[in-house]
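Close look at the chain arrangement
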Amino acid sequence: MNEKKLAYLLIAFFILAIFYFIPTPDRLSYHGKMMLGILVFAAFLFISEALPLGMAGLLVMAIPPILGIFPPQEVFGFFGNEAVFFLIGAFILAAGVQKSGMHRRIASHMLRIFGKSSKLYILGILVLASSMSFIISEHAVVALLLPIIGASLITVEKGSNMGKAGMISLTYGATAGSVATLMGGARNPYTVAYLAENYGIHLSFLDWSIMALPVTLIMLPTLWLIITIVHRPERFAPPKIKSEGKMSRQEMVVLGIILFTLTILLIVRSWGIAVAVIIGAVLLFVFDILSWKDIERSMPWGIILLYGGAMTLGKGLQITGASQWLSSSIIGVIGENPYLILLILLIITVLMTEIMSHAAAVSLMLPIGAGIASVSGMSVLVISMAIALAGGFGYTLLIGTPGNIMTYSTGYFKQKDMMKTGVLADLVGIVAVFIMAVWLWPLMGVV
Amino acid sequence: MRCLIPVHQENYAINSLKRAPQLCDETTILYILDKKLIEKVQSEASYILPSYALDNVEEFIINIHRQEAEKIKKSIKKEDVEIRFLVGEYYESVERETLKTSPDLLMCDSYLRGLLNIATPIWIDRGGEIKECTMVINSLKRIKSITHSIEFARKICERLHASFYIHYAPGDSEGLAALKPLGKIVSEVRGELLVFSRDATLKVPQQRCVLLL
C-alpha cells in the first residue's frame, strides 16, 4: 500500500474515532451514532479508494461486531440474501454469452442495420450497448464491445468528432441501458433486497423493468441528440461488417437459456429473482457451455463483497434507528416539500456516483433517502427507485463509471469532450427521473 | 535536424506531426501510452469486471494505441521516421528519451510546464503557415552566450522559408554590434518586449509557433 492510501485509511479510522468520542445526540443510541460513523467511514473509503472496493465492503462488515453494535452472526447474516445469488447467477450467464460469442453476432447485426450514416451509426452504438446492458452488467458490456466498436472506428482519425461520438456513445449507451433491468448493474438487485429486507416491499424482475425501462427510453434519444449536437460527427463510411454466418450450437444454446431464464424471471413471481438465474447458470454447465475455470474467471468478487458492506450499512442504519434520526435532522433543515427533497436527493446521488462506484453511491444514499421518505410520509418505493436509477448515471467524469475510463483509454476523446456531453446528460437524467417519480410512477399506480 | 515528437492521447501533437517533414531531417515519434491510465482502468474496473473482460480491455487498449502509432508513422511521408512505442509516464519518458538520444529539437503543440526542465530546444507548434520568425532578446548583455541559439533559430526559420526578425530592447551598443550580422533587427521598448515574450511562452497564441531555447 502506498503512503497516500495508508494516510487515507488512517483518516478513515480517525473519522470513526471522532464518532466514538463525541457525545451521543438526543434521540439517538450509541449504536445509532456509531452506525452513522461507519456510514461516513465507508463514504470516505469509497471516495478515496484507500482500499479496493471489495475490501472496503468487507471492512464495513467487520467493524460493527468490533464496536459492539451487532453480534458477528447477525452482521454476516446480512450477506445471505437472494440478491447476492442473483448477482452470482447473472455474472455466470454473462460469461456464457461472452464464451459463445453471441455478443459479436448481435453487435455485427445491429451495426450493419445502423451503418447508413454517421449519426445513425452513433444511434446504433447507443441502442446496441443499452440493449446488451439489459442482460449483462454495463461494465462488462463496454469491455466486450470495446474491441468491436474500436475495430469499426479504426479508419477514423483520433481527435475527430466521429471518434469522440462513437466511443462516448458506447459507454453512455451501456450506462443508460443498465438501469432498465435487474441484470444491468449490481445496485439494482441491491435496491430490491434493501426494500424487501427493511420495508417489506417486494419487487419482481418485471416490476423493476416496468418502472425503470421508461428512463432508458427517454435517455437514449436524448443522449443521441446531445452527442450528435455537441460533437457533430463527420461523414463516415462504416466498414463493411462481415456476416457472422450461421448460428453455432453454442450460441443457440446460450440464446435459449437466456430466453428461458428471462421468461421465468418475468412470469414466475413467487420464485423471486435468484432462482431463475441460478437455474440458467446450471443449464450452462449441463450443456457444456462453461467449465468451472470459466466461472473463476467470470466472477468479479469485488462487487459481491462490496454488496456485503452495502447491506450492513442499510440494515445497520435501519435497525439502530440512525436512518430515522438522520432523516428527521435533514428534514429539519431542508423542510418537508416532497419535490425539493426528491430533487436534492437526486442531485446528491448523481454527484456521488460521479466520484464513486454506482453501487457504493446507492448503498450510501438509499438508507438516507428511504429514511427521509418514511419520516416525511413520502413513498419509500418511489424515493428508493429514484435514487437507484440516479445512482446509475455518471456521464461526466472519467471516474463516473468504469465504462468511461475504458473508452477514454482508447484515445478517441479527451476528458473535456466527455465533460461537455456529460453535464448535459446528467441534468437530463435528473429531470427524467424526477418526472418519472412525480408523474409517471403515480400514474402507473406506484405508491 | 533531428526532431523528437512526443505523442500522448491528451497531448496529441497534430501540428508538430504536420510540420515535421518541413523541419526535420530525422524524426523520432515517441508514442507514450500513459501507464497511469492503464492502472486507472485496472483500479476502476477490476472490482466489477470479470477477469476475462479486463484482460481483453487491457490488450485492446495497448493494441489500438500501437495501431495508432503505426498510422502516425505512415502519415509522415518521409523515410527517416522512427516510431517508439512505450507505456510510461509522459514527462519521465520524454526526459529519458532526450537524455538518451539528444535530439536537436523537441516538438509539441502546446506549452507544457513539465518540459521546461529538459535541456533541449522546444518548438511549440500551433499550426498554420509561418511567414515570419520573430526572435525576442530581452537583454543584449549576454549576446555572446546566445549566439548559438540565434543561429539555431535562424536555421529553423530558413527551413520554413520565412523571414527572420530579431526584436531587442536598445541600451547596449556592444551587444547590438554583435547582433547585427545575425539577422534583421528591430528595436522595441523593453516593457512591450517583456509582455510579448511572457505571453508567447505562457499561452502560445493560435496561428503562432514559439521556439523555447
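This structure is a prediction, so every number in the text was calculated from the model and none was measured.

The helix and strand inventory of chain A stands at 21 helices and 0 strands. What you see for chain A is a C-alpha radius of gyration of 22 Å, in line with the 22 Å of a compact globule of 447 residues. In terms of overall dimensions, chain A has C-alpha extents of about 70 × 55 × 50 Å along its principal axes. Looking at chain A as a whole, 61% of its 447 residues qualify as buried. Across chain A, every contact between residues at least 6 apart in sequence was considered, and the portion connecting residues at least 24 apart equals 79%. With an accessible surface of roughly 16,800 Å², chain A has 69% of that area assigned to carbon and sulfur atoms. On chain A, the mean spot of the 26 positive side-chain charges and the mean spot of the 19 negative ones are 12 Å from each other.

Across its full length, chain B carries 7 helices and 9 strands. With 213 residues in all, chain B has 46% of them scored as buried. Approximately 10,900 Å² of chain B is accessible, and the part contributed by carbon and sulfur atoms is 50%.

This part covers the packing of aromatic side chains. Residue and element names in this part refer to chain A. Taken as a whole and judged by the stated rule, the model has 16 aromatic pairs over all chains. Taken together, a centroid distance of 6.4 Å and an interplanar angle of 55° make the contact between Tyr339 and Phe434 tilted. Of this pair, Tyr339 sits in helix H17 (residues 338-355) while Phe434 sits in helix H21 (residues 415-443), placing them 95 residues apart in sequence. Given the relative accessible area of 18%, Phe434 is considered buried. Among the aromatic side chains, those forming a connected cluster through ring pairs are Tyr190, Tyr194, Tyr199 and Tyr307.

On to the interface of chain B and chain A. If you look at the interface, chain B gives 27 residues, while chain A gives 36 residues. In total, about 2,900 Å² of surface goes out of reach between chain B and chain A, with carbon and sulfur atoms giving 63% of it. Considering only the surface of chain B that becomes buried against chain A, Tyr47, Ile48 and Tyr52 of chain B emerge as the three largest contributors, covering 27% of it. For the pair chain B and chain A, the interface holds 0 salt bridges.

Moving on: helix H15 (residues 301-319) of chain A. Residue and element names in this part refer to chain A. Taking 1.5 Å per residue, 19 residues should reach 27 Å; H15 reaches 27 Å between its end C-alpha atoms and fits that length. Most of H15 sits inside the fold, with 15 of its 19 residues counted as buried. Gly321 sits one or two positions beyond H15 and adopts a positive phi of about 85°.

Moving on, we get to the sheet that holds strand E7 (residues 163-168) of chain B. Residues and elements named next belong to chain B. Strand order in the open sheet made by the 3 strands is E6-E7-E8, with parallel pairing throughout. Because the sheet does not close on itself, it has two edges, and the strands there are strand E6 (132-137) and strand E8 (184-187). Adjacent strand axes in the sheet meet at a mean angle of 30° when their direction is disregarded. Where E7 and E8 come together, 4 bridges link them in parallel fashion. Along E8, the bridge assignment pairs Ile166 with Ile185.

To continue, consider the packing of helix H2 (residues 30-48) of chain A against helix H18 (residues 358-376) of chain A. All names here are of chain A. Two elements in contact, H2 and H18, have axes separated by 10 Å at closest approach and are oriented at 155°. As the angle between them shows, H2 and H18 are arranged roughly antiparallel. H18 is crossed by H2, and the crossing has left-handed handedness. Of H18, the residues touching H2 (which contributes Leu39, Ala42, Ala43 and Phe46) are Ala360, Ser363, Leu364 and Ile368. Grouping the constituent residues of the contact of H2 with H18 by class yields 7 nonpolar, 1 polar and no charged.

This part covers the domain arrangement of chain B. Residues and elements named next belong to chain B. Here chain B is described as being made up of domain 1 (2-124) and domain 2 (132-212). Between domain 1 and domain 2, the residue contacts involve 14 residues of the former and 12 residues of the latter. Carbon and sulfur atoms make up 67% of the surface buried where domain 1 meets domain 2, a total of about 1,300 Å² over both sides. Ranking the residues of domain 1 by area buried against domain 2 places Tyr111, Trp123 and Ile124 at the top, with a combined share of 42%. Put simply, domain 1 and domain 2 have 1 salt bridge between them. For Asp25, the salt bridge goes to Arg159, with nearest N and O atoms at 3.0 Å. Sorting the residues of the side of domain 1 that touches domain 2 by element identifies helix H1 (14-23) and strand E5 (122-124) as the ones contributing at least two each. Grouping the constituent residues of the side of domain 1 that touches domain 2 by class yields 9 nonpolar, 2 polar and 3 charged.

Before going further, it helps to spend a moment on the pairing of strand E1 (residues 2-7) of chain B. Residue and element names in this part refer to chain B. Burial of E1 is extensive: 5 of the 6 residues sit out of reach of the surface. Where E1 meets strand E2 (residues 26-34), 6 bridges bridge the pair, whose relative direction is parallel. Pairing of Pro6 across the sheet is with Leu30, part of E2. The β-α-β motif built from E1, the intervening H1 and the parallel element E2 has right-handed crossover chirality.

Quick look at the nonpolar core now. Counting residues in hydrophobic clusters, the biggest one holds 185 residues, and the most contacted among them are Leu145, Met183 and Trp441 of chain A. With near-sequence residues (within four places) excluded, Trp441 of chain A lies in contact with Met211, Val382, Met385, Ala386, Leu389, Met436 and Val446 of chain A. By size, the runner-up hydrophobic cluster in this structure holds 37 residues, among which are Ile5, Leu17, Ile130 and Leu179 of chain B.

Time to look at the state of the cysteines. Residues and elements named next belong to chain B. For the structure shown, the criterion picks out 2 disulfides over all chains. Between the sulfur of Cys3 and that of Cys24 lies a disulfide, 2.2 Å long from S to S. As the torsion about the S-S bond is roughly -100°, the Cys3-Cys24 disulfide counts as left-handed. With Cys3 in strand E1 and Cys24 in the loop between H1 and E2, the pair connects residues that are 21 residues apart, well separated along the chain. The disulfide that involves Cys133 links it to Cys157, with 2.5 Å between the sulfurs. Taking the sign of the torsion about the S-S bond as the criterion, the disulfide between Cys133 and Cys157, at about 105°, is right-handed. Of this pair, Cys133 sits in strand E6 while Cys157 sits in helix H5 (residues 147-159), and the two are 24 residues apart along the sequence. With a relative accessible area of 1%, Cys157 lands in the buried category. Cysteine pairing in chain B follows 1-2, 3-4, where each cysteine in a disulfide is numbered by its order in the sequence.

Take a nonpolar patch on the surface next. Residue and element names in this part refer to chain A. A cluster of nonpolar side chains, contributed by Leu206, Ile210, Leu266, Ile267, Leu440, Leu443 and Met444, occupies part of the molecular surface with about 640 Å² of accessible area. If you list the elements that add at least two residues to the nonpolar patch, you get helix H11 (205-231), helix H12 (249-267) and H21. Tracing the sequence through the fold places Leu440 in helix H21.

What follows covers unusual backbone geometry. Residues and elements named next belong to chain A. Phi at Glu49 is positive, roughly 55°, even though this residue is not glycine. Residue placement: Glu49 occurs in the loop between H2 and helix H3 (53-66). The backbone phi angle of Asp288 is positive, close to 60°, even though this residue is not glycine. For Asp288, a relative accessible area of 65% translates into the label exposed.

Procedures and definitions
- Residues numbered from 1 in each chain as written.
- Chains lettered and ligands numbered in written order.
- Predicted model: local features only at pLDDT ≥ 70, side-chain atom pairs only at ≥ 80, totals over all residues.
- Heavy atoms only, no water.
- Helix = DSSP H or I, 4+ residues; strand = E, 2+ residues; numbered from the N terminus.
- Rg over C-alpha atoms; globule rule 2.2 N^0.38 Å.
- Buried < 20%, exposed > 50% of the residue type's maximum accessible area, 1.4 Å probe, protein only.
- Contact = heavy atoms within 4.5 Å.
- Areas by Shrake-Rupley, 256 points an atom, 1.4 Å probe, with all protein chains shown as cover.
- Lys, Arg positive; Asp, Glu negative; His and termini not counted.
- Charge placed at Lys NZ, Arg CZ, Asp CG, Glu CD.
- Phe/Tyr/Trp six-rings, centres within 6.5 Å; stacked < 30°, edge-to-face > 60°.
- Buried area = accessible area lost by both parts, 1.4 Å probe.
- Salt bridge = Lys/Arg side-chain N within 4 Å of Asp/Glu carboxyl O.
- Expected span 1.5 Å × (residues − 1).
- Pairing = 2+ DSSP bridges.
- Axes fitted to C-alpha atoms, helices over the stretch in contact; angles between N-to-C directions.
- Parallel < 35°, antiparallel > 145°, perpendicular 65-115°, else oblique.
- Left-handed = near helix turned anticlockwise from the far one by under 90°.
- Nonpolar A, V, L, I, M, F, W, Y, C, P; charged D, E, K, R; others polar.
- Domains from an automatic or database assignment.
- Right-handed = clockwise from strand over helix to strand, strands pointing away.
- Core = buried A, V, L, I, M, F, W, Y, C linked by side-chain atoms within 4.5 Å.
- Disulfide = S-S within 2.5 Å.
- Patch = residues over 30% accessible without salt bridge, like charges linked within 9 Å, V, L, I, M, F, W, Y side chains within 5 Å.

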